[in-house]
Each structure stands twice: as C-alpha cells, then as structure tokens.
Amino acid sequence: MWLKLFFLLLYFLVLFVLARFFEAIVWYETGILATQLVDPVALSFKKLKTILECRGLGYSGLPEKKDVRELVEKSGDLMEGELYSALKEEEASESVSSTNFSGEMHFYELVEDTKDGIWLVQVIANDRSPLVGKIHWEKMVKKVSRFGIRTGTFNCSSDPRYCRRRGWVRSTLIMSVPQTSTSKGKVMLKEYSGRKIEVEHIFKWITAHAASRIKTIYNAEHLKEEWNKSDQYWVKIYLFANLDQPPAFFSALSIKFTGRVEFIFVNVENWDNKSYMTDIGVYNMPSYILRTPEGIYRYGNHTGEFISLQAMDSFLRSLQPEVNDLFVLSLVLVNLMAWMDLFITQGATIKRFVVLISTLGTYNSLLIISWLPVLGFLQLPYLDSFYEYSLKLLRYSNTTTLASWVRADWMFYSSHPALFLSTYLGHGLLIDYFEKKRRRNNNNDEVNANNLEWLSSLWDWYTSYLFHPIASFQNFPVESDWDEDPDLFLERLAFPDLWLHPLIPTDYIKNLPMWRYKCLGVQSEEEMSEGSQDNENDSDSESTDTFSSEKEVFEDKQSIVHNSPGRASHCDAEACSCANKYCQTSPYERKGRSYGSYNTNEDMEPDWLTWPADMLHCTECVVCLENFEDGCLLMGLPCGHVFHQNCIVMWLAGGRHCCPVCRWPSYKKKQPYAQHQPLSNDVPS
C-alpha cells in the first residue's frame, strides 16, 4: 500500500512539473502567460459575445461593439486563460443531454427533492405542442448548462393526473429554485409568464429569479452595517460592480453553496461617496472580495482565478468543502492508487487483472467502512470546534500561491482528460519496466510465468482450499494431490464426512528442530584402561558408520515425508533411527559391550546442553516405547515433546498433525514451557 501511495504522489509531482513545462513552451512561442490580462479593445465582436455568454450577461440590447466591450470590463478583468477556456468551450459544441421525466415520482425525486440546484423543465400538455420549439430548446439547454442548470421535459401524457393536480393545462416552462437560504431547504416552482418565447428573454427571466436570492447593497450605510455584522456565515464573498444585476455564474454559485458561503452584490452604479470602500480595501471596480475570519482575500490575483463558474467553484470548494466533496476526493485517490497494482504486479496478464479487481474491491470496501464512523463522529455536537479548526486550516492553506497552481492544474487536466489518462498510462508503464527489471535481477521466476501456468497454479490453490478447510492462519505452499491421484476426488465425494478433514501441507516438518541424542558416560579408570585398546581398534569403523548413518537419515528425510502417508504408524526397533548395533544385539552381547562406546541407561547421563531450549527433557519415545540411545536422531514438536525422528515423521506424514502426547497441532507455534532442572531418570508419564 505504501509503495502504491509513493507512486501516486510521484505521479502528481510529474503532472505539476508537466503543467509548468507547458506554460514555459507557450510563453516561449507566443510570449503570453495564462495570468496575463487581455485588452478587450483588441478582441473581435464575436469573442466579446463569447466572454459575456460564459459569464452569464445578456447583450441582446447592445448592438455596437463598444457597448459589449464596456459590459465585459464592468463584469471583471479578462485573462488569457479565461479567453482560451471560453473559446475552447464554444468550439466544442457538444450536445448536452436533457432528462425526460416518466411520471410524478421521477419528477419529485430529481426536481423537488434537489435542494442545491436549479431545474428548467418544459411541460408539454396533452394534445398540445411544446412552448419552445426543438431548435430553440436545444440552444436553451446548451446555454443554461454552462451554469450548472439542469433541464428536462415532462410530457403530461405519461401522467395526466399529476398535471391536472398541478394545474398544467397548457404547455409552459417551470423553474425550480431553493426557497430559503439554508442548506437543504424547501424548493419552489415558478412558471414562465412572458410573452416572448426567445432564448435571450427566457434566460433573462432565469437569471433574474436566481439573482433575487442574492443580498444586494445599494448604499454605503448598508454596506457598513453588513460589513461589520457577525452572523452564521464564516465565509462571505462580495461583488463590487457597476451592473444592474450580478452575472449568472455568480447567482448559480450562490444556490450551489447555499448554507456554506454567503454571496453579496454591491451595486455601486449610483454611489456618490465611495470613501468607505477605500477604507475596507476596495480600490478597483469590479472586485471580488472574499471575507473570512482570517482576513480579506482578493479573488483574481493568483493563477487560475478566472471570472468563470468552473474557476470560482473549485476555489470555493477548496475553502468550504462539503463532506461529499471530501468523500469523492478520497474515492478518486483510492482508485488511482489501486490501479497502480496493474503495473506493480508482475507475471501473467490474467494475474494482473485478477489482482487489480481484488485490490479495487478491497480498497473501496475499506474506504466505505472507514467513512461510516467519520460520518457518525461529525454529527456529535462537541466536535464543532474541531470542525471549525479544520476549516480554518483549509482556508489558510488554500489561499496560498501553491494552492492556486494546484487548482489551475486541476482545471487544465479535467478539461483535457486524454492528456491525464495518457500520462497516467505512461507513468504506469515506467513503473512496470523498472519493477520487472528489479525482479529479474533478483532471479524471480514470477516474471516469466505465462497465463496458462498461472491459471494452473490458481486452480490448484482453489481446489485445495475449496475441498479442504483451512486449518490454520499460516501460509503453507500448496501442493495439489489431484494430479497424482485423480480418484481422490471421487473418494471424497463418496464419503462426505472426509470433507471436514483439513488437508495440511507437510512442508512444515522440514522446519522442526532436530538433533542427536548424546550421553555423558560415568566410567572408572580400570574400565577405561580395559576398554581403551578395543576403542582404538573400533574408533575408525564406528565413526565412519555413525557419519554415514547420519548422512543417510538426512538424505532420506524428504522421501519419508512424502511417501509415508500410506504406511502403518507404528514404529519398531528396526524403523527407528536408534536401531543401531546396540539395539539389534542380545542382552548378553549388550553386557559384553558395556565398556564400549555405548553404555546402559543406568550408567548414562543425558547431555541436556545439546537440547534446544524450548524442548522438554525426556529419555523415551512414546511412539515406539523405546529409550533414547546415544547417537540416535531426535525431533521436537512446537509443544516441546521429543520423539525419534523417524517415528514422529511417519506419525505426522500419516495425516495425524498433532502431538501424540498432548494433541497440540504440530504446525502451530506454542509458548515455550518454563524449563526446570531434570533428573537423570526423568521419564514422561
């Protein structure tokens, strides 16, 4: 996860540097920056009208270019970036979809239950033609969609009872606007009563109703009173302009940010005394002033702060976000990070997509689960101070120059999605290249696996864990038995109770502790002198036999593990690793050899220093019921009990994955026992 997060942050850094690189290229070729102001006098009449349409100002009664240019200057300064965005949006000329309502419930769900937006609905009465023709309606839809106004058509033939209850007996236009200034308030429906059915007149009617919700100030005394008033709104944005009504984008934003930001329009058209505006720091007209508890911020002085709906919307969202905005942002970041798995994962193509789907499901599930307690905590009343301090921190950080660059880059890449996707794909391919090179240097066979090999291994894993329950939380290498014995599947089907028996891989047996049993013999000087000669003659042969016996035991250990499940579990003297020459002789021969290298149990003291620290001290194997002899190979289990190596390997490989004494699972770790000092004749009961 941290690796994916690192790659995602690296990708954002690449995007930031790439945006600065594009700006440098444009400046080098044209000598123009996005923040450079444009003189409206140098623009054509068509470009001036495009700017006014994007800002939401009507120009139907202005036939001359001079009047249109003055209206552009009154609405705000024009930058190169805003001009480029407006012309690009005009050239795109994409058809905007409009909703067709199927009935009362559909209309209520989308229109009357929407508390933070404007709807324009054309109602077509029964057996009547629409009020606005198809061509003019398409122009209307395209014009109002720039300001976030959604459109739809309600045909009364689909629900005539609802139309009669509403009083829609003739074709008309309906606009829904929030009735109150509180968030999620009531919605009121207004019907168009104008006589002229033209796009400009209908648009002027819409903007007039939207602007009526904005508080308007007409004199300096009212401004002074409003400026010094403290109310529920922490963030207020003022528009000081010489206009009859605020632009449509300003009115649309006031509805979108209902309950979060207060929009105030200061009409200075007929002011004689403007000294108070100088006192509060307003020197130019028009001016967009943001007032917060932290101070005053002049919108339009930083990169990307254009006089448009998209630019001001991203600016206000960064200062006063909703919980839904934060959730959408976290959702986008988490999914971008999850898609990094497609390039980090190496091997077969199918494996990459399987891992990607798994990662997407896991990350999105964890994101939704983690948001649930956050939403619950935000409802608690004693967290209001924490919420206020968090917003204060956001306002401090998002009014910096770096934050303005980030917002400008966000608007740039969101308007060029192909560039965003191509850079993400290129970044992922670079990650894939370096990750593949790193794993090849580490001799990882996973890189060269093809789709068929990976699907085969996936099927082995799936069948193993489907037909056999997981017995522990440890990860064992899975080895399928279906290839070696296909009848095993039919055998399991014939005996359903066997499905409950866990299948444990036997590879863990190789990691169990194993050592030689050694004794400390107690002999007199006469016995030592009598046996010294025989020891010298037999030392070479016995040492050779011991070394060869030990080597054979270690070499045969793996074959015993895999081949012994079908054998009987009992252990006799011949099967045990302690079945040396001493075990195979008669009692009389043992007595004659008591002075040799092997002593009887009564004369031998075990060397406990050679035992692992977490093993219990004992002198007998409970599997074969034979005593340990000097030089025999022992093996211990996690519970601490000790047995002959051959005895316990045959026991475990036979399917009994537990200790013969205490039944503790042989593959599961256990806290070590507190060790005590044993006696020489300690034998487990």
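Only a predicted model underlies this, so the values are computations on that prediction, with no experimental measurement involved.

Draft legend 1. A look at the pairing of strand 4 (residues 172-178). Judged by how many residues are buried, strand 4 sits mostly within the fold: seven of seven residues are covered. The alternating pattern of strand 4 places Thr172, Ile174, Ser176 and Pro178 and Leu173, Met175 and Val177 on opposite faces, both of which are buried. Both strand 2 (residues 119-124) and strand 4 contribute to a ladder of five bridges, which runs antiparallel. Bridge pairing in strand 4 places Trp119 opposite Ser176. Bridge analysis of strand 4 against strand 5 (residues 187-191) gives five bridges, and the strand direction is antiparallel. The residue of strand 5 that forms the bridge with Met175 is Lys190.

Draft legend 2. Spotlight on the packing of aromatic side chains. Across all of its chains, the model carries 35 aromatic pairs by this definition. On the numbers, 5.4 Å between centres and 70 degrees between planes, the contact of Phe101 with Phe107 is edge-to-face. The class of Phe101 is buried, set by a relative accessible area of 5%. For Phe107, a relative accessible area of 0% puts it in the buried group. Consider the rings of Phe101 and Trp119, whose centres lie 5.7 Å apart with planes at 55 degrees: the pair is tilted. Of the two residues, Phe101 sits in strand 1 (residues 99-101) while Trp119 sits in strand 2, which places them 18 residues apart along the sequence. What links up through ring pairs into an aromatic cluster is the set Phe249, Phe250, Phe263, Tyr288, Tyr297, Tyr299 and Phe315. A cation over a ring is seen here: Arg20 above Phe16, with NZ or CZ 4.8 Å from the ring centre. One residue, Arg656, lies across the ring of Trp651, its end atom 4.7 Å from the ring centre.

Draft legend 3. Expanded view of the confidence of the model for the chain. With 73% of its residues at a pLDDT of 70 or more, the chain shows a mean pLDDT of 75. Within the model, the stretch residues 522-602 combines pLDDT values under 50 with 87 contacts to residues more than four positions away or in other chains. This model gives residues 675-685 a pLDDT under 50, and the stretch forms 16 contacts once residues within four places in sequence are excluded.

Draft legend 4. Structural detail: the sheet that holds strand 16 (residues 633-636). What the three strands build is an open sheet, ordered 11-16-17; its pairing is antiparallel. Each having just a single partner strand, strand 11 (514-516) and strand 17 (642-644) make up the two edges of the open sheet. With strand direction ignored, the average angle separating the axes of adjacent strands in the sheet is 35 degrees. Where strand 11 and strand 16 come together, three bridges link them in antiparallel fashion. Note that in strand 16 the partner of Trp515 across the bridge is Leu634. Together, strand 11, strand 16 and strand 17 form the strand contacts of helix 24 (residues 645-653), whose direction differs from that of strand 17 by roughly 95 degrees.

Draft legend 5. Molecular detail of the state of the cysteines. For the structure on display, the rule yields one disulfide. Paired through a disulfide, Cys156 and Cys163 show a sulfur-sulfur distance of 2.1 Å. Sign of the S-S torsion, about -95 degrees for the bond between Cys156 and Cys163, identifies this disulfide as left-handed. Of the cysteine sulfurs around Cys662, a residue in no disulfide, the closest is that of Cys639, at 3.6 Å.

Draft legend 6. Representation of the environment of Arg166 in the model. Along the chain, Arg166 turns up in helix 7 (residues 160-166). Among the residues examined, Arg166 registers a relative accessible area of 36% and is labelled partly exposed. Dropping the residues within four chain positions of it, Arg166 is found in contact with Glu112 and Leu189.

Draft legend 7. A look at the packing of helix 1 (residues 2-30) against helix 17 (residues 401-415). It is at 10 Å that the axes of helix 1 and helix 17 come closest, and there the two elements cross at 80 degrees. Considered as vectors, helix 1 and helix 17 are oriented roughly perpendicular to each other. In contact with Leu15, Phe16, Leu18, Ala19, Arg20 and Phe22 of helix 1, helix 17 contributes Leu402, Trp405, Asp409, Phe412 and Tyr413.

Parameters and conventions
- Residues numbered from 1 in each chain as written.
- Predicted model: local features only at pLDDT ≥ 70, side-chain atom pairs only at ≥ 80, totals over all residues.
- Heavy atoms only, no water.
- Buried < 20%, exposed > 50% of the residue type's maximum accessible area, 1.4 Å probe, protein only.
- Helix = DSSP H or I, 4+ residues; strand = E, 2+ residues; numbered from the N terminus.
- Pairing = 2+ DSSP bridges.
- Phe/Tyr/Trp six-rings, centres within 6.5 Å; stacked < 30°, edge-to-face > 60°.
- Lys NZ or Arg CZ within 6 Å of the ring centre and 35° of its normal.
- pLDDT = per-residue confidence, 0-100.
- Contact = heavy atoms within 4.5 Å.
- Axes fitted to C-alpha atoms, helices over the stretch in contact; angles between N-to-C directions.
- Disulfide = S-S within 2.5 Å.
- Parallel < 35°, antiparallel > 145°, perpendicular 65-115°, else oblique.

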